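So you can see what is in the structure, the chains are spelled out below.
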Amino acid sequence: MTGWKTCLRVELEVDAVQVEQVETRIEALGVTGWTVLSAHSGRSADGRWSRAGQVTASGRRMLVVFTITPALAETIRDALQDEMVRLNGVIIAYPVTTP
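In short, a report on the structure.

Calculation criteria
- Residues numbered from 1 in each chain as written.
- Predicted model: local features only at pLDDT ≥ 70, side-chain atom pairs only at ≥ 80, totals over all residues.
- Heavy atoms only, no water.
- Helix = DSSP H or I, 4+ residues; strand = E, 2+ residues; numbered from the N terminus.
- Expected span 1.5 Å × (residues − 1).
- Bend = angle between axes of the 7 residues up to and from the residue.
- Buried < 20%, exposed > 50% of the residue type's maximum accessible area, 1.4 Å probe, protein only.
- Contact = heavy atoms within 4.5 Å.
- Salt bridge = Lys/Arg side-chain N within 4 Å of Asp/Glu carboxyl O.
- Arc of directions from axis to C-beta.

1. Things to note about helix α2 (residues 70-86)
Each turn of an α-helix holds 3.6 residues, which means side chains three or four residues apart point in the same direction. Its 17 residues place the ends of α2 24 Å apart at the C-alpha level, agreeing with the 24 Å of an ideal helix rising 1.5 Å per residue. Taking the largest bend as the criterion, α2 deviates by roughly 45°, centred on L80. Among the residues making up α2, those that are buried are L72, A73, I76, L80, E83 and M84. Where α2 is buried, its residues contact β1 (5-15), α1 (19-28), β5 (61-68) and β6 (90-98). Phi turns positive, to about 60°, at N88, one or two residues after α2.

2. A short note on the pattern of salt bridges
Taken as a whole and judged by the stated rule, the model has 5 salt bridges. With its nearest N and O atoms 3.1 Å apart, the salt bridge here joins E13 to R61. Of this pair, E13 sits in strand β1 while R61 sits in strand β5, placing them 48 residues apart in sequence. Taking the relative accessible area as the measure of exposure, E13 reaches 25% and is therefore partly exposed. A salt bridge links E83 to R25; the shortest N-O distance between them is 2.8 Å. With E83 in helix α2 and R25 in helix α1, the pair connects residues that are 58 residues apart, well separated along the chain. Among the residues examined, E83 registers a relative accessible area of 14% and is labelled buried. Where salt bridges share partners, they join E13, D15 and R61 into one cluster.

3. Remarks on the environment of A39
Its location among the elements puts A39 in the loop between β2 (35-38) and β3 (41-44). Once the C-alpha coordinates of A39 and M62 are considered, the two residues, 23 residues apart in sequence, prove to be 5.5 Å apart.

4. Description of α1
For α1, every residue scored as buried is listed here: V19, V22 and I26. Along the axis of α1, the buried positions cluster into a sector of 65°, meaning they face one direction only. Residues E20, T24, E27 and A28 are exposed on α1 and point more than 90 degrees away from its buried face. Each element contacted by the buried residues of α1 is listed here: β1, β2, β5 and α2. One or two steps after α1, the chain reaches G30, where phi turns positive at roughly 110°.

If you want it as structure tokens, here you go:
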């Protein structure tokens, strides 16, 4: 795997109404590309949930996903940790190998 490097894939889980705020923040921190994925259903401490029948974005969960260098990951974590707690969001990060 010549030329491949280890990076971190980061997933920020937030409510749909907070996605634009999170996108603005990560762009300001140096993230140059990301994808936003919509959650369809799941289970949490409050039990099973589903988007079925939801009319508004309130309470709908989304993932903002991006891959970054380990050095930028520290910056992202330090800058977003308190904000994600305030937004009732989750930061998930794990190593990946990319070309």
